[in-house]
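The chain contents come next:
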Amino acid sequence: MLVVETVGKLQTFLAEARASGKSIGLVPTMGALHRGHASLVEQSVKDNDITVVSVFVNPTQFNDKGDLECYPRTLDADCRLLESLDADCVFAPSVEEVYPEPDTRVFEFPPLDKVMEGIYRPGHFNGVAQIVSKLFMYIEPTRAYFGEKDFQQLAIIREMVRQLDLNLEIVGCPIVRETDGLALSSRNALLTPRQRNVSLVISKVLFTSVDYSKSHSLADTKRMVEQAIDSTKGLKLEYYEIVDGATLQRVESWDETDYIMGCITVYCGKVRLIDNIRYK
Ligand code: PAF
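Note that this is a predicted model, so its numbers are computed, not measured.

Rules of the game
- Per chain, the residues get numbers from 1 upward, laid out in the order the sequence is written.
- Owing to the predicted nature of the model, reporting of local features is limited to residues with pLDDT of at least 70; listing and counting of side-chain atom pairs is limited to 80 or more, with chain, interface and lining totals taken over all residues.
- Hydrogens and waters are ignored; side-chain quantities use all the structure's heavy atoms.
- Only the contacting stretch of a helix is used when fitting its axis, a line to C-alpha atoms as for every element, and angles between N-to-C directions run 0 to 180 degrees.
- Segments assigned H or I by DSSP are reported as helices when at least four residues long, segments assigned E as strands when at least two residues long, and all are numbered from the N terminus.
- Angles below 35 degrees are treated as roughly parallel, those above 145 as roughly antiparallel, those between 65 and 115 as roughly perpendicular, and all remaining angles as oblique.
- Residue contacts are defined here by distance: any two heavy atoms, one from each residue, within 4.5 Å place the two residues in contact.
- When residues are sorted by character, Ala, Val, Leu, Ile, Met, Phe, Trp, Tyr, Cys and Pro go into the nonpolar class, Asp, Glu, Lys and Arg into the charged class, and all the rest, Gly among them, into the polar class.
- We define a nonpolar core as any set of buried Ala, Val, Leu, Ile, Met, Phe, Trp, Tyr and Cys residues linked to one another through side-chain atoms lying within 4.5 Å.
- Each residue is assigned to one of three classes by its accessible area relative to the maximum for its type, calculated with a 1.4 Å probe on protein chains only: buried under 20%, partly exposed between the two thresholds, exposed over 50%.
- Residues are classed as near a molecule or strand on a simple rule: at least one heavy atom within 4 Å of it.
- Under the rule applied, a polar contact is a pair of N or O atoms within 3.5 Å (in protein, one hydrogen donor and one hydrogen acceptor; residues adjacent in sequence only if both atoms are side-chain atoms).

Engineer: Looking at this structure, how should I read the packing of helix H1 (residues 7-19) against helix H7 (residues 124-139)?
Structural biologist: Relative orientation and spacing of two packed helices are given, respectively, by the angle between their axes and the distance between those axes. Orientation of H1 relative to H7, taken along the N-to-C sense of each, is 50°, at an axis distance of 9 Å. Judged on the interaxial angle alone, H7 and H1 are oblique. Residues Val7, Leu10, Gln11, Leu14 and Arg18 of H1 touch H7, and the partners they reach there are Met137, Tyr138 and Ile139. Grouping the amino acids of the contact of H1 with H7 by side-chain chemistry returns six nonpolar, one polar and one charged.

See the structure below:
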């Protein structure tokens, strides 16, 4: 497995692959890899001749400096995992390599970026679009893989590909959970054992709410989830939204559309955790 830090070396490696007509899978990550990332890499290795994994903690998508500083960085362990998964190349550039000058591009994805994370993390999706569009330009992948845990991000990346008319397939991969239900996230490493225990309530209440929704209104189901989080010591709800899975806009009743998702963000101490569940 090749590990490269510059766009030049990455493109030299890919030029050979491209010349021989090989398909290229890209798995963009910010490192601190876990089984969720591993599932994306495994899918890419299955689908493509070459798999490139980018490991880059992208500063432009962090609206909170403290969050950027605390973000776990574990490149050596990440490379060991990627080697065992048969990835072909790790692209781990410096900030200066990716942003030799400030990226002033402004992306808009209305109405997808005007809700949920778009409200609570202003500028976040613009930063995601900046880095992901650069990775797409450097690598020109045949397919790119993203986790469904970041449900809104996945919808926005699909929209970016549509807007920019890019010729690649975006593959969404299912959430990977701990056996007790907690959605895997690099941020889980920041939880104390006590917080880790409390954080379980998030996935538990989401699962319970699917059954609950069968005999209750959407408003009652939303309230049930909100109350369960609010009444748990150690958790602080940022938002719980029940939305149309395609437009990400709020829905008021279960009959409004046939694709409905619940999206939640909760603080467990200082650690911000997100999760989602499909109702129909
Ligand atoms: O989902 C992530 O880890 C990041 O937002 C991504 C897509 C790698 C862009 O930095």
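Engineer: I tried to follow the nonpolar core on my own but got confused; where do I start?
Structural biologist: Of all hydrophobic cores here, the largest spans 44 residues; its most connected members are Leu10, Val52, Phe136, Ile139 and Ile170. Ranked by the residues each element gives to this core, the list is headed by H7, at nine residues.

Engineer: Got a minute to help me understand unusual backbone geometry in this structure?
Structural biologist: Leave glycine aside and you will find that most residues have negative phi; peptide bonds, for their part, are mostly trans. In this chain, Pro110 is followed by Pro111 through a cis amide linkage whose omega measures 0°. Inspection of the secondary structure puts Pro111 in the loop between helix H5 (95-98) and helix H6 (117-120). Phi is positive for Asp165, close to 55°, though the residue is something other than glycine. Take Asp165: it is sitting in the loop between helix H8 (151-164) and strand S6 (169-173). Overall, Asp165 belongs to the exposed group, its relative accessible area being 66%.

Engineer: I'm lost on the environment of Ile50 in this one. Help?
Structural biologist: Take Ile50: it is sitting in strand S3 (residues 50-55). In this structure the C-alpha to C-alpha distance between Ile50 and Ser23, which are 27 residues apart in sequence, comes to 6.3 Å. Contact partners of Ile50, with chain neighbours within four places excluded, come to Phe13, Leu14, Ala17, Lys22, Ser23, Ile24, Gly25 and Asp88.

Engineer: Would you mind going over the site of the ligand with me for this structure?
Structural biologist: As a matter of local geometry, the ligand sits amid Pro28, Thr29, Met30, Gln61, Ile131, Phe146, Asp150 and Gln153. In this structure, an oxygen atom belonging to the ligand sits 2.6 Å away from a side-chain N or O atom of Gln61. Contact between the ligand and Gln153: an oxygen atom at 2.7 Å from a side-chain N or O atom of the residue. Taken together, the residues that form the shell around the ligand break down as four nonpolar, three polar and one charged.

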